[in-house]
Amino acid sequence: MAIWNLGSINADFVYTVPHIPAPGETLSSTGRQAFLGGKGANMSVAAARAAAHVNHIGAVGGDGRWAVERLLEYGVDTRNISEVATETAQAIIMVDPEGENAILLHPGANAEIPQATLQTAMAEAQTGDWLVIQNETNLQRTAAALGKKMGLRVAYAAAPFDADRVLAVLPHLDFLILNAVEAEQLKQATSQAPSDLPVRDVIVTLGADGADWYSAGKKEYFPAIKVDPVDTTGAGDTFTGYVLAGLDRGMPMGQAIVQATKAGALMVTRRGTADVIPDLSEVQAFHL
């Protein structure tokens with residue numbers, strides 16, 4: 001099987017700061033690094049490193065050819081990444097000593113993925129493949145509807161959160177993943193708790209407290225692994241990519257979540273985004 005990811009591709013600029021700046025505050029950073037990033041790219045790399053066959057569907061500007069080459073190096077199929085006239089997306093990420101972050105995102109080419117690129121990619125997809133989308137690109141509803149019609153399993157990572165966009169794709173979803181804040185926002189918009197949503201599997205991530213899985217009216221809790229975090233950026237994307245890779249490879253959901261929890265725990269001990277996502281051998285060798 002395969003994973004088809006309609007996903008963002010960013011140039012991530014990560015600044016180490018003594019604290020997240022307050023409104024109106026000017027703050028000097030103590031370090032700066034550049035990485036491949038974007039929720040989509042992070043998930044593609046994570047799933048590829050978890051031994052899945054991943055096809056990325058996206059766009060970059062002429063300044064983003066390096067990002068496509070990097071994805072290819074990490075085992076991601078990049079044939080369906082288009083080069084458009086708009087500049088590649090950028091993210092400014094500030095990370096404090098506790099590993100918490102604040103992110104400013106410029107969408108760039110992520111918002112201008114050609115529909116022809118999506119259609120060309122989907123022509124190669126097979127029934128039973130996974131299609132994953134996030135709220136950092138255009139064409140989300142189009143992709144979700146097409147994927148469902150084709151018999152793909154459709155997954156949505158509801159971040160950055162927008163209630164209207166979630167509601168637009170909700171009827172087409174087999175799997176929804178969101179954090180606790182987003183789950184509460186969705187409940188306010190729909191009056192439905194995660195257990196009530198018309199989606200077969202829903203995961204609510206709880207950060208350092210673990211994750212809840214809702215399916216068939218039941219809830220199962222998975223504890224987090226306690227580590228000393230240095231940077232939480234990309235940890236949720238790593239978790240999502242590993243869950244999807246596990247499911248694509250035939251794992252039961254519970255087993256996929258446990259493996260993804262290990263990957264996420266390793267990720268927060270590293271500074272950076274897609275470039276530092278752990279591979280499957282590292283995750284399997286990780287012992288509590």
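This text follows the structure it describes.
Residues numbered from 1 in each chain as written. Predicted model: local features only at pLDDT ≥ 70, side-chain atom pairs only at ≥ 80, totals over all residues. Heavy atoms only, no water.

Enquirer: Would you explain the packing of aromatic side chains in this entry?
Expert: In this description, an aromatic ring pair is defined by two values, namely the gap between the centres and the angle between the planes. What the rule picks out here adds up to 1 aromatic pair. Between Trp 130 and Phe 175 the ring centres are 6.2 Å apart and the planes differ by 75°, which places this aromatic pair in the edge-to-face class. Linking Trp 130 in strand β8 (residues 130–134) with Phe 175 in strand β10 (residues 175–179), this pair joins segments that are 45 residues apart in sequence. Across this residue pair, the class does not change: Trp 130 and Phe 175 are buried. When the ring centre of Tyr 74 is taken as origin, the NZ or CZ atom of Arg 49, which lies over that ring, is 4.5 Å away. (Phe/Tyr/Trp six-rings, centres within 6.5 Å; stacked < 30°, edge-to-face > 60°. Helix = DSSP H or I, 4+ residues; strand = E, 2+ residues; numbered from the N terminus. Buried < 20%, exposed > 50% of the residue type's maximum accessible area, 1.4 Å probe, protein only. Lys NZ or Arg CZ within 6 Å of the ring centre and 35° of its normal.)

Enquirer: In this structure, what is going on with the pattern of salt bridges? I would like to understand it.
Expert: Think of it this way: side chains of opposite charge can pair up when their charged atoms draw near. Overall, the coordinates contain 10 salt bridges when judged by the stated rule. Salt-bridge contacts for Asp 248 lead to Arg 153; the nearest nitrogen and oxygen are separated by 3.9 Å. Here Arg 153 lies in strand β9 (residues 153–157) and Asp 248 lies in helix α7 (residues 235–248), a separation of 95 residues in the sequence. A relative accessible area of 9% places Asp 248 in the buried class. Given a relative accessible area of 23%, Arg 153 falls into the partly exposed group. Between Lys 219 and Asp 212 there is a salt bridge, with its nearest N and O atoms 3.7 Å apart. Put simply, Asp 77, Arg 79 and Glu 124 are held in one network by salt bridges that share partners. (Salt bridge = Lys/Arg side-chain N within 4 Å of Asp/Glu carboxyl O.)

Enquirer: Can you help me understand the side chain of Thr 78 in this one?
Expert: The topology assignment puts Thr 78 in strand β5 (residues 77–83). Setting aside residues up to four positions removed in sequence, Thr 78 forms contacts with Val 68, Leu 71 and Leu 72. (Contact = heavy atoms within 4.5 Å.)

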